[in-house]
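Overview (structure and organization)
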Amino acid sequence: MKKLFLCLLFIWSVASYAQIVRESELIGKMEKGAELMALGKYDSAQILFQFVLQNQDKLPSEMAYFFGRNSFHLGKYKQSINWLNKYIQLKGTKGMYYEPAIQFLQYAEDEYLRIQRSQSEQFEKDLQSAEYDCGGLEKMLCPVCHGSGVVVQAGIFDEVYKTCPYSLGEGYLSCEEYNLFMRGDLEPKLRD
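Model, not experiment: these values are computed from the prediction. (Residues numbered from 1 in each chain as written. Predicted model: local features only at pLDDT ≥ 70, side-chain atom pairs only at ≥ 80, totals over all residues. Heavy atoms only, no water.)

**Thoughts on the overall build of the protein**
Assigned secondary structure in the protein consists of six helices and four strands. Across the 192 residues that make up the protein, the buried fraction comes to 26%. The long-range share in the protein, meaning contacts at least 24 apart out of those at least 6 apart in sequence, stands at 49%. Just so you have it, the protein exposes about 13,300 Å², and 56% of that area is on carbon and sulfur atoms. (Helix = DSSP H or I, 4+ residues; strand = E, 2+ residues; numbered from the N terminus. Buried < 20%, exposed > 50% of the residue type's maximum accessible area, 1.4 Å probe, protein only. Contact = heavy atoms within 4.5 Å. Areas by Shrake-Rupley, 256 points an atom, 1.4 Å probe, with all protein chains shown as cover.)

Structure follows, in structure tokens:
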């Protein structure tokens, strides 16, 4: 019985030692990634950080900072925001990297918002300048009345049915009118 106990204790200690060595190896990779990031080798750092993320069961909180900051340098601003926020949540104001985390979080948020505004402006420009292909059709379903020719509005007691002000009850727009409508340039033909 004593031999069995000693054998099990030996197996447990070998497994524990192997786990400690593995965790130590992963921490080393994280630290090497931090060094590479400090040298401006962001792609190489990313490879090491992703390896640690995929293989470490319990991530050190510093990993959230390193990965978030490196993501900023790689132009992955949303990912940077998420990881830097996670670091701040984990460590609070007492974390070793609190100040730079706040700084890079602000940088990432500013860049992310700048890109979002730029994409929104470009989308508006594209929408305003776009010519919609009517596929050879002379008429298109009116997007206001959906081809019914009637617009239904809620009244005081019941629904009120009115002739569509854009299609004049036909339910269709010419291809030219459809393009004007999609750009926001078509005025209603009927006024209330």
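**Things to note about the packing of helix α3 (residues 61-73) against helix α4 (residues 77-91)**
Two elements in contact, α3 and α4, have axes separated by 7 Å at closest approach and are oriented at 155°. Regarding the angle of α3 to α4, the classification is roughly antiparallel. Between α3 and α4 lies a crossing whose hand is left-handed. Residues Ser 61, Glu 62, Ala 64, Tyr 65, Phe 67, Gly 68, Arg 69, Ser 71 and Phe 72 of α3 form the contact with α4, whose own contacting residues are Tyr 77, Gln 79, Ser 80, Trp 83, Leu 84, Lys 86, Tyr 87, Leu 90 and Lys 91. Classifying every residue of the contact of α3 with α4 by side-chain character gives nine nonpolar, five polar and four charged. (Axes fitted to C-alpha atoms, helices over the stretch in contact; angles between N-to-C directions. Parallel < 35°, antiparallel > 145°, perpendicular 65-115°, else oblique. Left-handed = near helix turned anticlockwise from the far one by under 90°. Nonpolar A, V, L, I, M, F, W, Y, C, P; charged D, E, K, R; others polar.)

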